[in-house]
Amino acid sequence: MENTLNPKKKENAAPNHKRDKFTRQLPLYFMLIPAVVLVVVYSYGSMAGTVIAFQKFNLAKGLFGSEWVGFKNFESLFSMPTFWPVIRNTIVIALGKMIGGIIVPVIFSLLLNEIAHSGVKRTFQTMVYLPNFLSWVILAGLFFDILSPSTGIIGRIFTALGLDAPFFLGDPKLFPGTMIVLDIWKGFGFGSVIYLAALTGIDQNLYEAAQIDGANRIQQTWHITLPGILSTVILMTVLSMSNILNGGFDEIYNLYNASVYSTGDILDTFVFRLGIENAQFALSTAAGLFKSGVSFVFIVASYWLADKFAGYRIF
Amino acid sequence: MKIKSSPSRKIFLVCNFIFLTLISLTCILPFINLLAISFSSKTAVVSNQVSFWPVEFNTAAYTFILDNNQFLHSLLISVERTLLGVAVNLLLIILTAYPLSKSKQDFSARSVFSWFFVVTILFNGGLIPGYLMVKWTGLMDSIWALILPSAVNVFNILVVMNYMRGLPKELEEAAYIDGAGHISTLVRVILPVCTPTLATVTLFAFVFHWNSWFDGMIYMSTTSRYPLQTYLQTVVINPEAFFRNATNVSSELSRYLELVNARTTNAAQMFLAMIPILLVYPFLQKYFTTGLVMGSVKG
């Protein structure tokens, strides 16, 4: 088909077809060179760099000079008294964020969808999307101020009510819940976009037909609206599964302190302190590799399920 | 058809409106509080008088910060990093998405390269190997350490690639008949119709670069090379640090000490760092939404 489009190529189409095709595709290969080089160095390079996890790594000796120690780093990692609590903290916080990160945006989008006036709706949207686009550095500064028991606004509300202000960021019992709530707060508005899109995609004739049949608002929501967004909800749930070990480094790192390590230290902050602060490169890489390995299984599984049940493919 | 409103429906609508108003306010009021603090006097802030409106209005906190070299220096680094980073991201997205958007007949190695890029979503080497790669490629302390490791954003490439695939095939065929090669087809035919998706990924990249702080922290050895968010991070973690340094460095600023403290100056710095995001916010709303829906509803 390509050859019929270009008369010049018709003459020697048969003998040189393969080379001709390659020549025509050559610019496409050239376009890919810069990205391929960068990905080879920084992505595949770091993947290869995970061999450090199996070495008694010495920065001076490098990747090729360091001594191989098999799974020794993993053995010492798994026997660290802090490691398994860190895994538990990570899963607790990640699960809380995953569940809240689905439920809250769904409910919000359902409620927002009941607002008929488009200007009002848009105003609400403008307000709730904002936190999503700000960095956790700024939000952390904001919440340090707001959540401070002595000087923050929240603290003052508690004091005004005659209650002791809780120390949301300093009490190990409250810290994980605080992290989950703040993360949901940051993301629920923007997370609702996808459900609002699904809601607008529902055929309005269905509602009219239901009204004629005498269905009330709640019945309409139950029988038309919810089934209408169910596939999107399932898709987002399945895709969020891949975050099972993502406690949210940016949020935790900027808001935690040593007094909440028992419940607030997650795998990513653990890897960071071990590797960058304590320069335990091999041990930290082993912990990182553990995370990447488990995450790999979950990411592949979630994409597979998303493809199977929702027909979603990333490419 | 007009929905008839029963009394219970009306009650629901009123409650719903009030509830949504409260929820929306929780997303805005913290920032109003921040802004009010930044424009209030030290005494008003210390005595907890400030809520959502400045008390004893003054701009000393801002003057104080804009006299501070570290803040301005970090701001410049952030601007440089964002402009350069977005340009590099965009260029690589275009150069990569176009070949990958071709059909298998038009680009034989398409699947191989698609998987080559997608593997990086599925698996990553983690913090330390990534850190060492930056070190070994000699980027430490260079602005490129903030740009090259994240230069290829596979998600953004996929968004643009999917958009290009959705374009009518006739566009390219027409260009091909006219004798246009791949480069001129891309530049003259494909890119002009890709404006919405390119706007989306440009904004994605802009927000990413402006908000990044972690890479600055680990790849820059001195605080003078920190981009703004990294610098802010040091201030946020240790609120008094900036204040002490600033007052030590320039003693002529001591006249401000009557009016500012760590809380007002931090509030002012955080607000200034938000401004670029607020400026692009209207565009964000427009394009992020289309981008997100576009990226996720495709089959």
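Since we're looking at a predicted model, the values are computed, not measured.

(A) Main features of the overall build of chain B. Scanning chain B for helices and strands turns up 14 helices and 0 strands. Going residue by residue from the N terminus, the α and β elements of chain B occur as α-α-α-α-α-α-α-α-α-α-α-α-α-α. The buried share of chain B, reckoned over its 299 residues, is 41%. In chain B, the share of contacts with a sequence separation of at least 24, taken over all contacts with a separation of at least 6, comes to 71%.

(B) Inspection of the overall build of chain A at higher detail. Along the backbone of chain A there are 16 helices and 2 strands. Its C-alpha radius of gyration of 27 Å places chain A more than 25% over the 20 Å reference for a compact globule of 315 residues. Principal-axis analysis of the C-alpha atoms gives chain A an extent of 90 × 70 × 30 Å. Burial analysis of chain A (315 residues in total) assigns 37% to the buried set. The long-range share in chain A, meaning contacts at least 24 apart out of those at least 6 apart in sequence, stands at 66%.

(C) Broad picture of the interface of chain B and chain A. Every contact between the two is made by 75 residues of chain B and, on the other side, 69 residues of chain A. Here the residues of the side of chain B that touches chain A are counted per class, giving 46 nonpolar, 25 polar and 4 charged.

(D) How the structure looks around helix H7 (residues 118-129) of chain A. Residue and element names in this part refer to chain A. For H7, which comprises 12 residues, the first-to-last C-alpha distance of 16 Å matches the rise-based estimate of 16 Å (1.5 Å per residue) to within 8%. Listing the buried residues of H7 in full gives Phe124, Gln125, Val128 and Tyr129. Along the axis of H7, the buried positions cluster into a sector of 120°, meaning they face one direction only. Facing away from the buried side of H7, by more than 90 degrees, are the exposed residues Gly119 and Arg122.

(E) Fine view of the domain arrangement of chain A. All names here are of chain A. By the assigned domains, chain A splits into domain 1 (2-70) and domain 2 (74-310). In this structure, domain 1 and domain 2 have C-alpha centres spaced 37 Å apart. Domain 1 puts 7 residues into the contact, and the matching count from domain 2 is 5 residues. When its residues are assigned to classes, the side of domain 1 that touches domain 2 shows 4 nonpolar, 2 polar and 1 charged.

(F) Quick peek at the environment of A:Leu110. Residues and elements named next belong to chain A. Note that Leu110 resides in helix H6 (residues 83-113). Since 18 C-beta atoms lie within 10 Å of it, Leu110 is described here as partly exposed. Sequence separation of Leu110 and Gly293 is 183 residues, and the distance between their C-alpha atoms is 37 Å.

(G) Molecular detail of unusual backbone geometry. The phi dihedral of A:Ala279 is positive, around 55°, even though this residue is not glycine. Along the chain, A:Ala279 turns up in the loop between helix H15 (267-277) and helix H16 (281-310). The phi dihedral of B:Glu56 falls on the positive side, at around 55°, and the residue is not glycine. On the secondary structure map, B:Glu56 appears in the loop between helix H2 (42-46) and helix H3 (60-66).

(H) Main features of the nonpolar core. Grouped together as the largest cluster of nonpolar side chains are 142 residues, with contacts concentrated most on A:Ile138, A:Ala287, B:Ala97, B:Val160, B:Leu232 and B:Met270. Examining the composition of this core, we find that 12 residues originate from one element, helix H10 (residues 175-200) of chain A, more than from any other. Mapped onto the domain boundaries, this core takes at least three residues apiece from domain 1 (2-70) and domain 2 (74-310) of chain A. Those residues in contact with A:Ile138 that sit more than four places away from it in its chain are B:Leu232, B:Met270, B:Ala273 and B:Met274.

Conventions used here
Counting restarts for each chain: residues are numbered from 1 in the order of the written sequence. To label them, take the chains in the order written and letter them from A, then take the ligands in the order written and number them from 1. This being a predicted model, a pLDDT of at least 70 is required before a residue's local features are given, and a value of 80 or more before pairs of side-chain atoms are given or counted; all residues contribute to the totals for chains, interfaces and linings. In this description a helix means any DSSP run of H or I spanning at least four residues, a strand means any run of E spanning at least two, and both kinds are numbered starting from the N terminus. Neighbour counting defines burial: a residue surrounded by 20 or more other C-beta atoms within 10 Å of its own C-beta is buried, one with 12 or fewer is exposed, and intermediate counts give partly exposed, using backbone-placed C-beta atoms. Whether two residues are in contact depends on their C-beta atoms, placed from the backbone: they are in contact if these lie within 7 Å. Only the C-alpha atoms count toward the radius of gyration. The rule for a globule is 2.2 Å times the residue count to the power 0.38. Residues are sorted three ways: Asp, Glu, Lys and Arg are charged, Ala, Val, Leu, Ile, Met, Phe, Trp, Tyr, Cys and Pro are nonpolar, and all the rest, Gly among them, are polar. Here the expected span of a helix is defined as 1.5 Å times the quantity of residues minus one. Regarding the arc, it is the one traced by the directions from the helix axis to the C-beta atoms. An automatic or database domain assignment supplies the start and end points of every domain. Under the definition applied here, buried Ala, Val, Leu, Ile, Met, Phe, Trp, Tyr and Cys residues are grouped into a nonpolar core through C-beta atoms within 7 Å.

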